[in-house]
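Descriptive analysis of the structure
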Amino acid sequence: MSKDRPGAGRDVLLVVDVQNDFCPGGNLAVPRGDEVVPIINRLASAFAHVVLTQDWHPAGHRSFASSHPGRRPYETIQVAYGAQILWPDHCVQGTSGAALHRDLQVAHAQLVLRKGYHCDVDSYSAFFENDRRTHTGLAGYLRERGLGRIFIVGLALDFCVRYSAEDGRREGFDVVVIEDACRGIDLDNSVAATRRALQELEVDRIAAGAIV
Ligand SMILES: [Zn+2]
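The structure reproduced in this document is the subject of the present report. (Residues numbered from 1 in each chain as written. Predicted model: local features only at pLDDT ≥ 70, side-chain atom pairs only at ≥ 80, totals over all residues. Heavy atoms only, no water.)

Points about the sheet that holds strand S2 (residues 50-55)
- With respect to topology, six strands assemble into an open sheet ordered S5-S2-S1-S6-S7-S8, the strand pairing being parallel. Edge positions in the sheet fall to strand S5 (111-115) and strand S8 (204-206), since each of these pairs with one other strand and no more. Strand-to-strand, the axes of this sheet are offset by a mean angle of 25°, without reference to chain direction.
- Lying on the sheet, helix H3 (residues 157-170) is in contact with strand S1 (11-16), S5, strand S6 (149-155) and strand S7 (174-183); it crosses S7 at an angle near 170°. (Pairing = 2+ DSSP bridges. Helix = DSSP H or I, 4+ residues; strand = E, 2+ residues; numbered from the N terminus. Axes fitted to C-alpha atoms, helices over the stretch in contact; angles between N-to-C directions. Contact = heavy atoms within 4.5 Å.)

Shown next, in the form of structure tokens:
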């Protein structure tokens with residue numbers, strides 16, 4: 001990581017999907033997902049620029065196992081854009097499960113970017129939907145605002161954080177994942193695969209203590 005003090009200038013903290021459904025008690029709970037909240041609160045206080053994402057599906061979304069009769073959550077099916085893991089219903093627009101965790105203290109966040117709102121396409125990444133073609137608009141937003149180094153935190157490490165980090169690199173941004181401010185789902189060793197993928201893409205992985 002460069003020696004610049006993180007949190008100022010062209011840096012942005014990207015807080016991925018810290019929503020009730022991804023926390024214990026939610027419909028797609030990430031183990032110990034709520035533990036990231038106090039760490040993110042501490043980090044956010046060090047960043048002038050904070051962007052939040054929110055998974056935001058219409059009811060009956062194609063990524064839900066319930067939309068495919070006979071299928072169960074965590075099975076994989078083939079859809080138009082390739083493999084799709086089927087999830088329990090989660091983060092349905094306007095529900096309490098889709099709301100940001102109530103203890104998240106990021107009032108100074110400048111953008112809440114919603115994703116996954118097209119009925120037939122899932123969107124793990126904050127930059128592209130899972131068809132890998134449809135932009136969310138985030139890359140353009142960050143460029144127009146002169147933000148070039150992205151520190152990513154949130155849920156889940158091995159899905160939305162990973163995809164966001166990979167796409168951020170491909171879009172030409174510097175990317176750092178603050179790993180203790182993330183938690184993973186870990187399907188079929190997906191956390192280990194995430195660490196390998198990030199290393200190959202030269203995404204730095206650091207601990208929150210390196211910043212605050
Ligand atoms: Zn989702």
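Some thoughts on the pattern of salt bridges
- One pass over the structure, following the stated rule, counts 15 salt bridges.
- Between Asp167 and Arg132 there is a salt bridge, with the nearest N and O atoms lying 2.8 Å from each other. Of the two residues, Asp167 sits in helix H3 while Arg132 sits in the loop between S5 and helix H2 (138-144), which places them 35 residues apart along the sequence.
- Judged by relative accessible area, which is 2%, Asp167 ranks as buried. (Salt bridge = Lys/Arg side-chain N within 4 Å of Asp/Glu carboxyl O. Buried < 20%, exposed > 50% of the residue type's maximum accessible area, 1.4 Å probe, protein only.)

Focus: helix H1 (residues 36-44)
- In terms of residue burial, H1 counts as a mostly covered element, since seven of its nine residues are buried.
- Every buried residue of H1 is accounted for by Val36, Val37, Ile39, Ile40, Asn41, Leu43 and Ala44.
- Buried positions along H1 lie against S1, S2, S6 and S7.

Details of the pairing of S2
- Taking burial as the measure, the six residues of S2 include six buried ones, the bulk of the element.
- Because side chains alternate across S2, one face comprises the buried residues Val50, Leu52 and Gln54, and the other comprises Val51, Thr53 and Asp55, equally buried.
- Here S1 runs beside S2; their pairing, made up of four bridges, is parallel. Within S2, the position partnered with Val15 by the bridge is Leu52.
- Handedness of the S1-H1-S2 crossover: right-handed.
- Sheet analysis places S2 next to S5, joined by five bridges and oriented parallel. For Gln54, the partnering residue across the bridge sits in S5 and is Arg114. (Right-handed = clockwise from strand over helix to strand, strands pointing away.)

Some words on the coordination of the zinc ion
- Bound to the zinc ion on the protein side are Asp55 (OD), His57 (NE2) and His90 (NE2), at distances that span 2.0 to 2.1 Å.
- Along the chain, the residues donating to the zinc ion are arranged with the sequence spacing D-x1-H-x32-H. Here His90 lies in the loop between strand S4 (82-85) and S5 and Asp55 lies in strand S2, a separation of 35 residues in the sequence.
- Since its relative accessible area comes to 3%, Asp55 is described here as buried.
- With a relative accessible area of 3%, His90 lands in the buried category. (Donors = N, O, S within 2.8 Å, 3.2 Å for Na, K, Ca; no water.)

Some words on the nonpolar core
- Counting residues in hydrophobic clusters, the biggest one holds 61 residues, and the most contacted among them are Leu13, Leu43, Phe127, Ile152, Val177 and Ile178.
- Those elements that place two or more of their residues in this core are S1, H1, S2, H2, S6, H3, S7 and helix H4 (190-200).
- With sequence-adjacent residues up to four places away left out, Leu43 is seen in contact with Leu13, Val153, Ile178, Ala181, Ala208, Ile211 and Val212. (Core = buried A, V, L, I, M, F, W, Y, C linked by side-chain atoms within 4.5 Å.)

A closer look at the state of the cysteines
- According to the stated counting rule, one finds zero disulfides in the structure shown.
- In this structure Cys23 is not part of a disulfide, and its nearest cysteine sulfur, from Cys91, lies 9.5 Å away.
- Here Cys182 is not cross-linked by a disulfide; its sulfur's nearest cysteine counterpart is in Cys160, at 11 Å.
- Residue Cys182 is classed as buried on the basis of its relative accessible area, which comes to 4%. (Disulfide = S-S within 2.5 Å.)

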